[in-house]
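Here is what each chain is made of, one letter per residue.
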Amino acid sequence: MPLMQSSHIVVIGAGYAGLSAAALLAKRGYQVVVLEAHDTFGGCASFYRRGSMTFDVGATTFSGVQPWQPVGRLFADLDEKPELERQDPGMLVRIDGETIVRHADPNTWIDAIASRFGQQQREFWHTLYHIEERVWRLIANKPYLPPSSVADWLAMAKPSNLSALSLLPGMVRSMQQLMVRHGVHDNPVFQRFINEQLLISTQSTAEHAPWLTGALGLTYPSETYYPIGGMYRPALQLVRSIKANGGSIHYRRSVTSIDVRKGALEVRCANGDVYRAKHVINSIPIWNLARIASGPIQSWARHHAANNSSAWCAITAYAAFEGYHTLPTAYVQAHLQRPIPGVHSGSIFVTVKPNHDHVKAPDGVVTVTLSTHARWDDVPTADVLAGYLQRALLDAVPELAGMPMKHFEVGTPATWQRYTLRHNGYVGGLPHTTRRPLLRMPPNRTPVPGFWMIGDTAFPGQGTPSVILGAQNTVQRIMAAEGHSS
Ligand SMILES: Cc1cc2nc3c(=O)[nH]c(=O)nc-3n(C[C@H](O)[C@H](O)[C@H](O)COP(=O)(O)OP(=O)(O)OC[C@H]3O[C@@H](n4cnc5c(N)ncnc54)[C@H](O)[C@@H]3O)c2cc1C
C-alpha cells in the first residue's frame, strides 16, 4: 500500500552532500527526511565489510578541515569532532623509480621541489599557496555563488568582494598557462607529475584545469587528513546528528519521480512511498535527475546534463595484507610502470590503512583501497583487471610486498553504477575545465521554487569539501527563503 507522507524538507541521497544538508537543517529545527536508494549511507565515500575488515569504497582523504573551510565549519556547526589524522607527508608520489615526498609544511615542500626541479619552482608554488588561501577565504560564507538572480549579483558586487576580481581570470585560464608564466612547463617529468596530481583533484590535466581550482588541487597534500576507521565514520556522525535532531533517514527508497503538483513538490519512490514537501534538495547526479524528474525540473536538468554530457569512471581495487608496513603516510600516488587495459590515467592512487588504525581492521591487518580513472565503454572484466592491478599495487607500494595477501576484489564502472546508481558509473563529479567555467556549473538554486541541487555535479563540484560547501550554501539559501537568519 503506497504511503503518502509530508515533510517540510526532503533530501534525496545520503552521500556527503545530502547528509550535510540534512544535518544542518535538522540542527536548525527543520523537519527533514532523507531518502536513500542503497541500504546504507556514504555514496562514493561509503564502505563495505568483509569479516572484521572495513574497506573504503572510493573517497579516502579529507581536506578543507580548517575552521574557515567547509569540513571544519560543518563539524563545528554540529558540535561534532571527527577523528581525523593529518598526514605528514601528505602523500608520496612515485614516478619513474623516484619517490617525491609531498611534505605537509609548504616551505619544506617548496625547498624539496625546488631542489629537485629547479629554483623557478619557488615562485610557482608560493603563487599556488597564495591563490589557495585567497580562494578558501573568498568562497566561505558566500551562499549567493554562483549568482543566479539579480539579488545574487548585487550581493556579489559588495565592495568587500572587489579584491576577488584578480582571481577571476583563474576560472578561464589554465594551469598550463600559469606554469608557462612561471617557467616551470618544460620538464616532462614535472609536467607528468602535475598532470596526475591535477587529475585526482580537479579531474582534468594542466591544459584544461583552471588555475583557480588547480591551485587548490595542487596544494591539498599540505592539508591531507586520514579518517580513523574510514571515510564512513564522519558520515556516521552526520547520520547520528540528523536523528538526534529529529530528522529521519529512510534506506531502500529509490526515488523514481520528482514533480511539482498542486503547489508542492512530490517525490515518489520505487516501493510506492510518496512524499510531499515544500523543499526538495536533490544530491543525485544531474544525469540521473534528468531521467527521473518531470516538467520544469526535467527541462532544467536536461539542459545541464546536455552541457555536461560526460565524466570519468573509476576502476577500484580492495586488498588486505597480513603484517605491518613502514609507509610514513596513508596515501601514495604511483605513476604506472606499464599500461593497464582500461585505465585512462597514468597513475593509481593507493590508500593504505595506518598500522595503528584498529577500527578499520584488526591489529596486524592492513587494508588497501586503490583507484584510477577509466571510461565507461572501455573496461575489461574484473577478472582480467585483477592480475594487472595486483602487480601495479605491489609496484606502487613495495612496502606491502612479502606480506601475505588475504583479500583482493575489483570494482569496475558497472560496480559503481550498481551501488551508487550513478548514470554510466560516472564518478568524481564534473571535471573542472576552462571550457566550462565554474560559475556555469548547475547552480544550487534552480529556477523551480523549493527545488535545490547539490552534490558533485552541482556548484562548486567534486570532493567532500566542495559538496559540503554546496550543502552549506543551500541551507543558508533555504533559511533566507523561509525568512530565518542563519
Ligand atoms: C574512487 C573515488 C575516489 C575519491 N576520492 C576522494 C577523496 O579521497 N577525497 C574526496 O574528498 N573526494 C573523493 N572522491 C569524490 C567524492 O567521493 C565525491 O565527490 C563525493 O563523495 C560525492 O558525494 P555526493 O553526496 O555528491 O554524491 P554520492 O556520494 O554519489 O551520493 C549520492 C547518494 O544518492 C544515492 N542515490 C542515487 N540515486 C538515488 C535515487 N534515485 N534515490 C535515492 N537515492 C539515490 C546514492 O546511493 C548515494 O548514496 C572520490 C570519488 C571516487 C569515485
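Keep in mind that what you see is a predicted model, and the values were worked out from it rather than measured. (Residues numbered from 1 in each chain as written. Predicted model: local features only at pLDDT ≥ 70, side-chain atom pairs only at ≥ 80, totals over all residues.)

All right, on to the overall build of the protein chain then. Per the secondary structure count, the protein chain includes 15 helices and 18 strands. Relative to the compact-globule value of 23 Å for 486 residues, the protein chain shows a C-alpha radius of gyration of 22 Å, a close match. Each principal axis of the C-alpha atoms in the protein chain carries an extent, and together these give about 65 × 55 × 40 Å. Looking at the protein chain residue by residue over its 486 residues, the buried ones come to 52%. At a minimum sequence separation of 6, the contacts of the protein chain that also span at least 24 residues come to 71%. (Helix = DSSP H or I, 4+ residues; strand = E, 2+ residues; numbered from the N terminus. Rg over C-alpha atoms; globule rule 2.2 N^0.38 Å. Buried ≥ 20, exposed ≤ 12 C-beta atoms within 10 Å, placed from the backbone. Contact = placed C-beta atoms within 7 Å.)

Another point: the sheet that holds strand β7 (residues 98–102). Ordered in space as β7-β6-β14-β15-β16-β13-β17, the seven strands form an open sheet in which the pairing is mixed. Of all strands in the sheet, those with a lone pairing partner are β7 and β17 (405–411), marking the two edges. Neighbour to neighbour, the strand axes of the sheet diverge by 20° on average, direction disregarded. As paired elements, strand β13 (residues 313–322) and strand β16 (residues 365–374) share ten bridges and run antiparallel to each other. (Pairing = 2+ DSSP bridges. Axes fitted to C-alpha atoms, helices over the stretch in contact; angles between N-to-C directions.)

For the rest of this paragraph, the subject is the site of the ligand. Around the ligand sit 38 residues, and of these Gly-13, Gly-15, Gly-43, Gly-58 and Gly-455 come closest. Of all elements in the fold, only α1 (16–27), β13 and α15 (464–481) reach the threshold of two or more residues within the shell around the ligand. Ranked by residues supplied to the shell around the ligand, first place goes to α1 with three residues. Split by residue class, the shell around the ligand holds 15 nonpolar, 20 polar and three charged. (Near = placed C-beta within 6 Å. Nonpolar A, V, L, I, M, F, W, Y, C, P; charged D, E, K, R; others polar.)

Within the secondary structure, Pro-380 is located in the loop between β16 and α13 (382–396). On a C-alpha basis, the gap between Pro-380 and Ile-340 in space is 9.7 Å, while along the polypeptide they are 40 residues apart. Ignoring sequence-local partners within four residues, the contact set of Pro-380 consists of Pro-341, Gly-342 and Leu-385.

On to the domain arrangement of the protein chain, then. Domain boundaries assigned for the protein chain yield domain 1 (4–82 + 229–310 + 426–481) and domain 2 (311–421). A C-alpha centroid distance of 27 Å is found between domain 1 and domain 2. At the junction of the two partners, domain 1 supplies 24 residues and domain 2 supplies 23 residues. Looking at the side of domain 1 that touches domain 2 element by element, the count peaks at four residues for strand β4 (residues 53–56). Split into classes, the residues belonging to the side of domain 1 that touches domain 2 amount to nine nonpolar, 13 polar and two charged. (Domains from an automatic or database assignment.)

A few words now on the pairing of β4. Consecutive side chains along a regular strand alternate between the two faces of the sheet. Relative to β4, strand β3 (residues 47–50) runs antiparallel, the two sharing four bridges. Counted as the bridge partner of Arg-49 is Thr-54 from β4. In textbook terms, the turn of a hairpin is the stretch between consecutive antiparallel strands, and for β3 and β4 this stretch comprises two residues, one of which, Gly-51, has a positive phi near 60°.

Let us now look at helix α3 (residues 106–117). Between its first and last C-alpha, α3 extends 16 Å over twelve residues, near the 16 Å set by a 1.5 Å rise per residue. Looking one or two residues beyond α3, the residue adopting positive phi is Gly-118, at roughly 115°. (Expected span 1.5 Å × (residues − 1).)

Let us look at unusual backbone geometry. Most peptide bonds take the trans configuration, and most residues that are not glycine carry a negative phi. Cis peptide bonds are those with omega within 30 degrees of zero, and the linkage from Asp-88 to Pro-89 qualifies with 5°. Relative to the elements of secondary structure, Pro-89 occurs in the loop between β5 (84–86) and β6 (91–95). Geometrically, the link from Phe-459 to Pro-460 is a cis peptide bond, its omega value of 0° lying close to zero. Looking at the element boundaries, Pro-460 is found in the loop between β18 (451–453) and α15. In this model, Leu-421 sits at a positive phi of 65°, which is unusual for a non-glycine residue. Structurally, Leu-421 is set in the loop between α14 (413–420) and β18.

A few words on the pairing of β16. For β16, the tally of buried residues reaches ten of ten residues, placing the bulk of the element in the interior. The alternating pattern of β16 places Val-365, Thr-367, Thr-369, Ser-371 and His-373 and Val-366, Val-368, Leu-370, Thr-372 and Ala-374 on opposite faces, both of which are buried. With four bridges joining them, strand β15 (residues 347–352) and β16 adopt antiparallel strand pairing. Across the sheet, residue Val-352 finds its bridge partner in β16, namely Val-368.

Another point: the packing of α1 against helix α10 (residues 232–244). Close contact between α1 and α10 brings their axes to 8 Å; oriented N to C, the two are set at 35°. Crossing handedness for the pair α1 and α10: left-handed. Along its contact with α1, which presents Tyr-16, Leu-19, Ser-20, Ala-22, Ala-23, Ala-26 and Lys-27, the element α10 presents Ala-235, Leu-238, Val-239, Ser-241 and Ile-242. Residue classes in the contact of α1 with α10 are distributed as nine nonpolar, two polar and one charged. (Left-handed = near helix turned anticlockwise from the far one by under 90°.)

Val-10, Ala-21, Ala-22, Val-32, Val-267, Val-350 and Leu-393 are the most contacted members of the largest nonpolar core, which totals 143 residues. If one sorts the elements of this core by residue count, α1 sits on top with nine residues. In terms of domain composition, this core takes at least three residues from each of domain 1 (4–82 + 229–310 + 426–481) and domain 2 (311–421). With sequence-adjacent residues up to four places away left out, Val-267 is seen in contact with Val-10, Ile-12, Leu-35, Val-255, Ile-258, Tyr-275, Ala-277 and Val-280. (Core = buried A, V, L, I, M, F, W, Y, C linked by C-beta atoms within 7 Å.)

As a further point, take the packing of α1 against α15. Between α1 and α15, the shortest axis-to-axis distance is 8 Å and the interhelical angle comes to 35°. In this structure, α1 meets α15 at a crossing whose hand is right-handed. Contact with α1, carried on its side by Tyr-16, Ala-17, Ser-20, Ala-21, Leu-24 and Leu-25, involves Thr-464, Val-467, Ile-468, Gly-470, Ala-471, Gln-472, Thr-474 and Val-475 of α15 and no other residues of that element. Along the lines of polarity and charge, the residues of the contact of α1 with α15 split into nine nonpolar, five polar and no charged.

Looking at where Ile-95 falls in the secondary structure, it is placed in strand β6. Sequence separation between Ile-95 and Ile-281 is 186 residues; the distance between their C-alpha atoms is 42 Å.

We now examine the environment of Val-65. As for its position among the elements, Val-65 is in the loop between β4 and α2 (70–77). Each C-alpha atom, one on Val-65 and one on Ala-114, is 28 Å from the other, the two residues being 49 residues apart in sequence. Sequence-distant contacts of Val-65, that is, excluding residues within four places in its chain, are made with Val-71, Gly-72, Leu-84, Glu-223 and Tyr-225.

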